[in-house]
Amino acid sequence: MSIRRVALLTAGGFAPCLSAAVGDLIERYTEVAPDIEIIAYQYGYHGLLTGNYVVIDDEARKNAGILREFGGSPIGNSRVKLTNAKNLVERGLVAEGVNPLEFAAEQLRKDGVDVLHTIGGDDTNTTAADLAAYLHDNDYELTVVGLPKTIDNDVIPVRQSLGAWTAAEEGAGFAFNIIGEHRSNPRMLIVHECMGRNCGYLTAETARRYHELLGTKSWAPSLGLTRERWDVHAVFVPEAKLDIAAEAERLKAIMDEQGNVNIFLSEGAGVPEIIAEMEAAGQEVQRDPFGHVKLDTINPGQWFAKQFASLIGAEKVMVQKSGYYSRAAAANAEDLALIKQMCDLAVDCALKGVSGVIGQDEENGDELTAIAFPRIAGAKPFDITQSWFTALMAEIGQSLEAADVAPGH
């Protein structure tokens, strides 16, 4: 198939890779196939449905490398699920009775797109899978190549999603300043809430990086500056069982000795209990177009803070969220190297007409390849048995046991 026009889109929540990935794809095409026209749909699938795109001209190609210095997405994101017709009608993106997949496919054909690159998480790429399947069933000649973006690192079977390393590093830096507040009041409880709906990876990796960051600092105990007060004292993730009473007893002892307690919390931890409490009180639980609970409306950090504050005798409580600070950061060196590898392969696959999601395939020796769309899924749980995590938990003195049932909300 002769490729004349390539389209890019970024979708879902932000991660520290979108801007760099857009830049790398543009540069790679300019390097190996400069005659291929590139367009970028604005605001993800929203732009695809509305036919809203920009053409990447010579000036944009020349400046594409600048995108590595920024976070966010220069071409915009949105949360649009092409199989949720009801929601799309309500938002005015398609008319009543229209099949959104067919509508999107017709828009791609109308726009003359031969290759579609989707940069997003599990929702984005499973949506791309739905689109690719529809196009295949209806004899459309289109290659779809996705890149796995999520700070949760929860795309099956991708070993490492783009942006997750940077988000953890940024979260650790955020925590360092926030935990500096621990001497602002006697018996201070600080809850650092990290993003992670069903997966505790980001919280665990952020805690690990923060814990290691403290190891690079010098301390002055006689001046009250101790690592023990600055350290992470508890890590709560959805995959691990939480005995609030037992943890409260352990953390109260730390509070009594150190004068403060620092908790790293995954926003998905305890959500089933919070939902049950809200529904029992007759409160409506808000959900997004994908059916996910809108976690910012239920405030897991506040709920946990309330549970622990009285049990450990906290005089002051502070809950801080690093998610929006971390997810829109520019990619760090680790992620930039991985982004470059994946984007180069994405373009190579596109030129060969190979569809799939680019990633290190955990089920095939971590080979970097184009993983077939039917194998892509979301909500990959964080493996709490990994040696680096068990070592972290042992160092902070927290017991570790798998949760009875994997969370699903």
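No experiment lies behind these values; they were computed from the predicted model shown.

Participant: Before we move on, could you go through the overall build of the protein chain and cite the residues and values that matter?
Facilitator: When helices and strands are tallied, the protein chain shows 15 helices and 11 strands. For the protein chain, whose C-alpha radius of gyration is 23 Å, the value lies close to the compact-globule estimate of 22 Å for 409 residues. Summarising its shape, the C-alpha atoms of the protein chain cover approximately 70 × 50 × 35 Å along the three principal directions. A burial count over the protein chain gives 55% of its 409 residues as buried. Taking the intrachain contacts of the protein chain between residues at least 6 apart in sequence as the baseline, contacts between residues at least 24 apart amount to 77%. Carbon and sulfur atoms form 48% of the exposed surface of the protein chain, whose accessible area is close to 17,000 Å².

Participant: Summarise the pairing of strand 6 (residues 188–194); cite the residues concerned and give the values.
Facilitator: For strand 6, the tally of buried residues reaches seven of seven residues, placing the bulk of the element in the interior. Because side chains alternate across strand 6, one face comprises the buried residues M188, I190, H192 and C194, and the other comprises L189, V191 and E193, equally buried. Here strand 6 pairs with strand 8 (residues 260–266) via seven bridges, running parallel. Its bridge partner being in strand 8, H192 is matched across the sheet by F264. Here strand 6 pairs with strand 9 (residues 316–321) via six bridges, running parallel. Note that in strand 9 the partner of V191 across the bridge is V319.

Participant: So what about the pattern of salt bridges? Which residues, and what values?
Facilitator: Applying the stated rule across the entire model yields 25 salt bridges. The partner of D24 in a salt bridge is R68, with the nearest N and O atoms 2.7 Å apart. Linking D24 in helix 1 (residues 18–32) with R68 in the loop between helix 3 (58–62) and helix 4 (85–90), this pair joins segments that are 44 residues apart in sequence. Here R109 and E106 are joined by a salt bridge, their closest N and O atoms 2.7 Å apart. Of this pair, R109 and E106 both sit in helix 5 (residues 100–110), separated by three residues, roughly a single helical turn. Residues joined in a network through salt bridges with shared partners are E169, E205, R208, R209, E212 and E334.

Participant: I'd like a rundown of the packing of helix 7 (residues 164–179) against helix 14 (residues 333–352), residues and numbers included.
Facilitator: Where helix 7 contacts helix 14, the two axes come as close as 8 Å, and the packing angle between them is 170 degrees. The orientation of helix 7 with respect to helix 14, classified from their angle, is roughly antiparallel. Within the contact between the two elements, helix 7 uses A164, W165, T166 and E169 and helix 14 uses E334, D335 and L338.

Participant: I'd like a rundown of the sheet that holds strand 3 (residues 53–55), residues and numbers included.
Facilitator: The pairing of strands in a sheet comes from backbone hydrogen bonds and takes either a parallel or an antiparallel form. Spatially, seven strands are ordered 3-2-1-4-5-10-11 in an open sheet, and the strand pairing comes out mixed. The open sheet has two free edges, formed respectively by strand 3 and strand 11 (367–371), since each of these has just one partner strand. With strand direction ignored, the average angle separating the axes of adjacent strands in the sheet is 25 degrees. Each of strand 1 (5–10), strand 2 (37–41), strand 4 (115–120) and strand 5 (143–148) is contacted by helix 1, which is oriented at about 155 degrees to strand 4, the strand it contacts most.

Cut-offs applied
Residues numbered from 1 in each chain as written. Predicted model: local features only at pLDDT ≥ 70, side-chain atom pairs only at ≥ 80, totals over all residues. Heavy atoms only, no water. Helix = DSSP H or I, 4+ residues; strand = E, 2+ residues; numbered from the N terminus. Rg over C-alpha atoms; globule rule 2.2 N^0.38 Å. Buried < 20%, exposed > 50% of the residue type's maximum accessible area, 1.4 Å probe, protein only. Contact = heavy atoms within 4.5 Å. Areas by Shrake-Rupley, 256 points an atom, 1.4 Å probe, with all protein chains shown as cover. Pairing = 2+ DSSP bridges. Salt bridge = Lys/Arg side-chain N within 4 Å of Asp/Glu carboxyl O. Axes fitted to C-alpha atoms, helices over the stretch in contact; angles between N-to-C directions. Parallel < 35°, antiparallel > 145°, perpendicular 65-115°, else oblique.

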